[in-house]
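Okay, here's what each chain looks like letter by letter:
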Amino acid sequence: MTDEQKNKIKELRMKGIGYRNISSETGIPRDTVRSFCRRNGLDGYASAIHAEKSEPAQKNGKEEQCRYCGKKLEQSPTGRKKKFCNEDCRRKWWKLHPEKINRKQDAFYKGTCAYCRREFFSYGNKGRRYCSHACYIHDRFWREEEGREAYTGPNTQAG
């Protein structure tokens, strides 16, 4: 890669242009552009790079502190930027902020509990049969005491 190409990549990245567009404009493969940007601190979302480089005084230190406990973070020069100081802080923060989870609406499945017959929603599990663990345990282990037949799913045929 020539110095002219490197300068062109830096210039386009500072304008907030993505890897694919830089690749098509310079004729350099996208992965090569991405690797170069990572090595030179230009990785991440293009819009964020543009905003960060054009207004450096606006940086308020959020990236340098753990989101949960506020402890100072040591950032690696390569790879993804840290948001938490350890796994424990990450789990606690996500437990306190479930609304921040980006869930796809088409991954919610509606079902009817095999034990209590209530309708429930399951995320990411189309084949779920019970609304809760308690219903599963009751159906699995208390069947004989309640005098019920075993659950036969929609795909099983009565012989």
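Residues numbered from 1 in each chain as written. Predicted model: local features only at pLDDT ≥ 70, side-chain atom pairs only at ≥ 80, totals over all residues. Heavy atoms only, no water.

A. Up close: the overall build of the protein. Helices and strands together make up the secondary structure of the protein, namely seven helices and two strands. Reading the protein from its N terminus to its C terminus gives the helix and strand order α-α-α-α-α-β-β-α-α. Within the protein, buried positions represent 19% of all 159 residues. For the protein, the proportion of contacts with a sequence separation of at least 24, taken over those separated by at least 6, is 25%. (Helix = DSSP H or I, 4+ residues; strand = E, 2+ residues; numbered from the N terminus. Buried < 20%, exposed > 50% of the residue type's maximum accessible area, 1.4 Å probe, protein only. Contact = heavy atoms within 4.5 Å.)

B. Representation of the environment of K110. Take K110: it is sitting in strand β1 (residues 108–112). Residues K110 and K126, 16 residues apart in the sequence, show an inter-C-alpha distance of 8.1 Å. Setting aside chain neighbours within four positions, we find K110 in contact with E119, F120 and F121. Reaching out from K110, the side chain makes a polar contact with the side chain of E119 at a distance of 3.3 Å. (Polar contact = N/O pair within 3.5 Å; in protein donor to acceptor, adjacent residues only side chain to side chain.)

C. Molecular detail of the pattern of salt bridges. Applying the stated criterion across every chain, the model contains eight salt bridges. For K92, the salt bridge goes to D88, with nearest N and O atoms at 3.2 Å. Of this pair, K92 and D88 both sit in helix α5 (residues 87–96), four residues apart, which is roughly one turn of that helix. What makes K92 partly exposed here is its relative accessible area of 35%. (Salt bridge = Lys/Arg side-chain N within 4 Å of Asp/Glu carboxyl O.)

D. Structural context of the packing of aromatic side chains. Per the stated rule, a full pass over the model turns up four aromatic pairs. Between Y130 and Y136, the aromatic rings sit 5.5 Å apart at their centres with planes inclined by 70 degrees, giving edge-to-face as the arrangement. Residue classification places Y130 among the buried positions, given a relative accessible area of 8%. Its relative accessible area of 30% is what places Y136 among the partly exposed residues. Taken together through their ring pairs, the aromatic side chains of F84, W93 and W94 make up a single cluster. (Phe/Tyr/Trp six-rings, centres within 6.5 Å; stacked < 30°, edge-to-face > 60°.)

E. View of the pairing of β1. As paired strands, β1 and strand β2 (residues 119–123) are joined by five bridges and run antiparallel to one another. Each bridged residue has a counterpart across the sheet, and for T112 the counterpart in β2 is E119. Adjacent in sequence and paired antiparallel, β1 and β2 are bridged by six residues, among which R117 carries a positive phi angle near 65 degrees. (Pairing = 2+ DSSP bridges.)

F. Spatial organisation of a nonpolar patch on the surface. There is a patch of nonpolar side chains on the surface, built from F108, F121 and Y123 and spanning about 320 Å² of accessible area. In this fold, Y123 is placed in strand β2. We classify Y123 as partly exposed; its relative accessible area is 36%. (Patch = residues over 30% accessible without salt bridge, like charges linked within 9 Å, V, L, I, M, F, W, Y side chains within 5 Å. Areas by Shrake-Rupley, 256 points an atom, 1.4 Å probe, with all protein chains shown as cover.)

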